[in-house]
Number of protein chains: 2
Amino acid sequence: MNSRERFLRACKNQSVDRPPVWMMRQAGRALPEYRALRKKYSFEKLLTTPELAAKVSLQPVKRFDLDACIIFSDILVVPEAMGLKLKYSPEISLKPPIRTKYDIARLKIPEVNQALGYVEHAMKNARQELGKKFALLGFSGAPFTLACYMIEGWSSKSFSQAKKMLYSEPELFTSLLEKISKVVADYLRMQMEAGADAVQIFDTWAGELSPGDYEQKVLPVLQELIHKLKSASVPVIYYINGIANLLEPAQSTGADVLGIDWRVSLSEVRKQLGKEQALQGNLDPALLLSSKSIIRNKVHEMINETKGRGHIVNLGHGLLPETPLQNISAFVQAVKDWKK
Amino acid sequence: MNSRERFLRACKNQSVDRPPVWMMRQAGRALPEYRALRKKYSFEKLLTTPELAAKVSLQPVKRFDLDACIIFSDILVVPEAMGLKLKYSPEISLKPPIRTKYDIARLKIPEVNQALGYVEHAMKNARQELGKKFALLGFSGAPFTLACYMIEGWSSKSFSQAKKMLYSEPELFTSLLEKISKVVADYLRMQMEAGADAVQIFDTWAGELSPGDYEQKVLPVLQELIHKLKSASVPVIYYINGIANLLEPAQSTGADVLGIDWRVSLSEVRKQLGKEQALQGNLDPALLLSSKSIIRNKVHEMINETKGRGHIVNLGHGLLPETPLQNISAFVQAVKDWKK
């Protein structure tokens, strides 16, 4: 069983020799070979040059022998493709912030192969390098999470402007989600056609909502999006940071795999959602700042909760840039050493 | 039934004419009369001058006719009293960060009446102004949340240093929590003796932990702390931002009232914890950026979930500085207009 087979079988909750493993934000700042490239090229240059993006995507897979390679990109490329001005330095900004129906009307629904063709080419490059031995993952921000960034003009502590629109003008908010969702659907379909074995939808900020608001205002758009994607038979992973109070609606999105953060145990998730639901997660990234033996114990405890079935091992959020390399190795090795 | 009686009866889950109402961070930046004072005095000056701190505490109660007055202070005064250097400008810092057993050993267990006597006097001043008509609340950061700030040297996106200690050196982490907890106990007892009708323990960051780590590493210290406090028969309110996955252990702290954020509905909390548990919360502060009619509907929906019994109406986190005054009034008025 090679890595790609293992990964795809885990997505479908089929038996595997051991659970597959990868890490959110595995490509990037934690790796010296990435930092070396960043001395030569700007972040934008790495993102938009297919050969370089593919190279960065492969770095962690080569170093740690992971089962899956996620394409190196950024969720803000979608708002940029919709017409916003994206800057990464001196600080991240996304302008102008989207606040009115006129702002929403001005947003473009781009031809993704043109506006985001560099991602398509990066995926094709990565696919070629990986062959069919390793799984290749595409991704996008979820409509809600992208809407948060677009309304705020990048990030925010409380997402108060995004919530103000959601609470005050729910129809306007929905129209924005629907417009973003169209682009996300095209974008993920493009990635699937370029060779993605699975795609992950990052709804990082959905955990900021009450269950009622999530169900009424976010879920319908997501259900439609995931329904559209499923005709391609490529597994869809749906991730929320802070999913504990949204487990049942998240399951009802129709995603094949749910990404779980560490604030809820996988056994509790299985209790609530049934053991047929494939899961991904869920070690606290800060745990990788501890030591090899602590990491090993925690990884084995975590896998024992699912018995390694229907479980893609991952962190519960992105890898921290300051994580020691030997601890990342210990994390991966612990998964490989796990015995049923 | 006056405001103080209403508040104290709600803490004990006794019948009331309507639920009492106050807001976390009600004293401060949202009010023009506070901003006017800040033009004359630094933040530190307002904190440490009892007459001024009492004045700021009373401002929102006078303007909005709230049921409770929380003393104007800051949770970082406890780390400062333990010997750390606290600065609020040009940015908040708390130095040196606590990382080793030597750092912990050097922390002082101060005589709170000396080190924090200005809070005692502010409470006495506020009590005198309020009489027995309004409830007066004291507060402190919880040991875990204060430990996070002390280890990081103020705030952090991921609290990775605090978690590194928690995961790598759990005994060291516990010794820090225990040392902080001693001071918090003395500090809250001092506030009770100075006239507090109830005290709130803010465990803002506990929601960043997995339920297992919370139960093993945070809960025992809290249980001991709250047990010590309860001999005074002054209600203890315990608040976590992101309590959804920690409801049962939070209840087992022994706190009289649990503060709930908006990410879980009060009816779900009642289902899990029983209707004898008094609750405080839980409107999303960002909802107060919407409009009077939306606020009114949401407030009534929320109170209907508890039928107004054993329920102190509040926000699920602190009032946002940009909240329009008329919307705060609408929030308070909606509580007063609620009919069983």
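Now for a description of the structure that goes with this document. Since the structure is predicted, the reported quantities are computational estimates derived from the model, not experimental observations.

## A look at the overall build of chain A
No. 1: Looking only at helices and strands, one finds 16 helices and nine strands in chain A.
No. 2: Relative to a compact globule of 340 residues, whose C-alpha radius of gyration would be 20 Å, chain A shows 19 Å and is just as compact.
No. 3: Across its three principal axes, chain A shows a C-alpha extent of roughly 55 × 45 × 35 Å.
No. 4: Looking at the 340 residues of chain A, the share that counts as buried comes to 63%.
No. 5: For chain A, the share of sequence-separated contacts (at least 6 apart) that also reach a separation of at least 24 residues comes to 72%.
No. 6: Accessible surface for chain A amounts to roughly 13,100 Å². Of this, 48% is attributable to carbon and sulfur atoms.
No. 7: Charge-centre separation for chain A: the mean point of 47 positive side chains lies 5 Å from the mean point of 36 negative side chains.

## Some details on the pattern of salt bridges
No. 1: A full pass over the atoms with the stated rule returns 34 salt bridges over all chains.
No. 2: Across the pair E208 of chain A and R263 of chain B runs a salt bridge whose closest N-O atoms are separated by 3.1 Å. Of the two residues, E208 of chain A sits in the loop between strand 5 (198–202) and helix 12 (211–230) while R263 of chain B sits in the loop between strand 7 (257–259) and helix 14 (266–273), which places them in two different chains.
No. 3: One salt-bridge network, held together by shared partners, links R6, D17, R18 and D67 of chain A.

## A few points about the sheet that holds strand 1 (residues 68–70) of chain B
The strands making up a sheet are joined through hydrogen bonds of the backbone, oriented either antiparallel or parallel.
All names here are of chain B.
No. 1: Spatially, 1-4-5-6-7-8-9 is the arrangement adopted by the seven strands of the open sheet, whose pairing is parallel. Only two strands of the sheet have a single partner each, and these edge strands are strand 1 and strand 9 (311–315). Across the sheet, the mean angle separating the axes of adjacent strands is 25° when strand polarity is ignored.
No. 2: Inspection of the sheet shows strand 4 (residues 135–141) paired to strand 5 (residues 198–202) by five bridges, in the parallel sense.

## Quick word on the relation of the copies chain B and chain A
No. 1: For the match of chain B to chain A, the screw axis carries a shift of 0.0 Å, the RMSD comes to 0.0 Å, and the turn is 180°. This pairing of chains is accounted for by a two-fold axis.

## A look at the interface of chain B and chain A
No. 1: Counting residues at the interface gives 26 residues for chain B and 26 residues for chain A.
No. 2: Buried surface at the junction of chain B and chain A, both sides included, amounts to about 2,100 Å², of which 55% is carbon and sulfur.
No. 3: Where chain B meets chain A, there are six salt bridges.
No. 4: We note a salt bridge from K298 of chain A to D213 of chain B, for which the minimum N-O separation is 3.6 Å.
No. 5: When contributions to the side of chain B that touches chain A are tallied by element, the ones reaching two or more residues are helix 10 (160–168), helix 12 (211–230) and helix 15 (292–306) of chain B.
No. 6: The element that contributes the greatest number of residues to the side of chain B that touches chain A is helix 10 of chain B, accounting for five residues.
No. 7: The residue makeup of the side of chain B that touches chain A, split by class, is 11 nonpolar, seven polar and eight charged.

## Describing the nonpolar core
No. 1: In terms of nonpolar packing, the biggest core is built from 272 residues, with F331 of chain A together with F331 of chain B touching the most fellow members.
No. 2: Residue contacts for F331 of chain B: discarding those within four places in its chain leaves V21, W22, M23, L283, L288, I295, V299, V313, N314 and L315 of chain B.

## Examining the packing of aromatic side chains
All names here are of chain B.
No. 1: Enumeration over the complete set of coordinates arrives at 18 aromatic pairs over all chains.
No. 2: Look at F43 and F72: their rings are 5.8 Å apart centre to centre, the planes differ by 85°, and that puts the pair in the edge-to-face class. With F43 in helix 3 (residues 43–48) and F72 in the loop between strand 1 and helix 5 (77–81), this residue pair connects regions lying 29 residues apart in the sequence. Each member of the pair, F43 together with F72, is buried.
No. 3: Each ring, one from F43 and one from Y88, has its centre 4.7 Å from the other, and the planes form 70°; the classification is edge-to-face.

## As for the sheet that holds strand 6 (residues 236–239) of chain A
All names here are of chain A.
No. 1: Spatial ordering of the open sheet is given by 1-4-5-6-7-8-9, a layout of seven strands whose pairing is parallel. Sheet topology places strand 1 (68–70) and strand 9 (311–315) at the edges, where each strand pairs with a single neighbour. Adjacent strand axes in the sheet meet at a mean angle of 25° when their direction is disregarded.
No. 2: Here strand 5 pairs with strand 6 via four bridges, running parallel. Residue pairing across strands places V199 opposite V236, the latter belonging to strand 6.
No. 3: Those strands touched by helix 11 (residues 170–193) are strand 4 (135–141), strand 5 and strand 6, and its axis lies near 170° from that of strand 4.

## Details of a positive patch on the surface
Residue and element names in this part refer to chain A.
No. 1: On the surface, K275, K307, R309 and K340 cluster together into a positively charged patch.
No. 2: For K307, the location among the structural elements is in the loop between helix 15 (292–306) and strand 9.
No. 3: Exposure remark for K307: the relative accessible area of 61% places this residue in the exposed category.

## Comments concerning the environment of P324 of chain A
All names here are of chain A.
No. 1: Looking at where P324 falls in the secondary structure, it is placed in the loop between strand 9 and helix 16 (325–337).
No. 2: Overall, the relative accessible area of 26% leaves P324 in the partly exposed class.
No. 3: Along the chain, P324 and A30 lie 294 residues apart, while their C-alpha atoms are 7.8 Å from each other.
No. 4: Apart from residues lying up to four places away in sequence, P324 is in contact with L288 and L289.

## Quick word on helix 4 (residues 50–64) of chain B
Residues and elements named next belong to chain B.
No. 1: Between its first and last C-alpha atoms helix 4 spans 22 Å; for 15 residues at 1.5 Å apiece the expected length is 21 Å, and the two agree.
No. 2: At L58, helix 4 is deflected by roughly 30°, the largest bend along its length, and proline P60 occurs up to four residues later in sequence.
No. 3: Most of helix 4 is tucked away: 11 of the 15 residues are buried.
No. 4: When helix 4 is considered as a whole, its buried residues turn out to be P50, L52, A53, A54, V56, S57, L58, Q59, P60, V61 and F64.
No. 5: In the core, the buried residues of helix 4 are packed alongside helix 2 (32–40), helix 3, strand 1, helix 8 (117–130) and helix 16 (325–337).
No. 6: Backbone geometry just after helix 4 places D65 at a positive phi near 50°.

## Overview of the packing of helix 8 (residues 117–130) of chain A against helix 11 of chain A
Residue and element names in this part refer to chain A.
No. 1: Helix 11 packs onto helix 8 with a crossing angle of 25° between their chain directions and a minimal axis gap of 9 Å. In terms of axis orientation, helix 8 runs roughly parallel to helix 11. At the point where helix 8 passes helix 11, the crossing takes the right-handed sense. Along its contact with helix 8, which presents V119, E120 and M123, the element helix 11 presents Y187, M190 and Q191.
No. 2: Looking at the contact of helix 8 with helix 11 residue by residue, the class counts come to four nonpolar, one polar and one charged.

## Some details on the packing of helix 10 of chain B against helix 11 (residues 170–193) of chain B
All names here are of chain B.
No. 1: Remark: helix 10 packs on helix 11, axes separated minimally by 5 Å, with the N-to-C direction vectors making an angle of 115°. Between helix 10 and helix 11, the residues in contact are A162, M165, L166, Y167 and S168 and P170, L172 and F173, respectively.
No. 2: The residue makeup of the contact of helix 10 with helix 11, split by class, is seven nonpolar, one polar and no charged.

The rules behind the values
Residues numbered from 1 in each chain as written. Chains lettered and ligands numbered in written order. Predicted model: local features only at pLDDT ≥ 70, side-chain atom pairs only at ≥ 80, totals over all residues. Heavy atoms only, no water. Helix = DSSP H or I, 4+ residues; strand = E, 2+ residues; numbered from the N terminus. Rg over C-alpha atoms; globule rule 2.2 N^0.38 Å. Buried < 20%, exposed > 50% of the residue type's maximum accessible area, 1.4 Å probe, protein only. Contact = heavy atoms within 4.5 Å. Areas by Shrake-Rupley, 256 points an atom, 1.4 Å probe, with all protein chains shown as cover. Lys, Arg positive; Asp, Glu negative; His and termini not counted. Charge placed at Lys NZ, Arg CZ, Asp CG, Glu CD. Salt bridge = Lys/Arg side-chain N within 4 Å of Asp/Glu carboxyl O. Pairing = 2+ DSSP bridges. Axes fitted to C-alpha atoms, helices over the stretch in contact; angles between N-to-C directions. Least-squares fit on C-alpha atoms with pLDDT ≥ 70 in both. Buried area = accessible area lost by both parts, 1.4 Å probe. Nonpolar A, V, L, I, M, F, W, Y, C, P; charged D, E, K, R; others polar. Core = buried A, V, L, I, M, F, W, Y, C linked by side-chain atoms within 4.5 Å. Phe/Tyr/Trp six-rings, centres within 6.5 Å; stacked < 30°, edge-to-face > 60°. Patch = residues over 30% accessible without salt bridge, like charges linked within 9 Å, V, L, I, M, F, W, Y side chains within 5 Å. Expected span 1.5 Å × (residues − 1). Bend = angle between axes of the 7 residues up to and from the residue. Parallel < 35°, antiparallel > 145°, perpendicular 65-115°, else oblique. Left-handed = near helix turned anticlockwise from the far one by under 90°.

Purely geometric stuff here, so don't read any function into it on its own.
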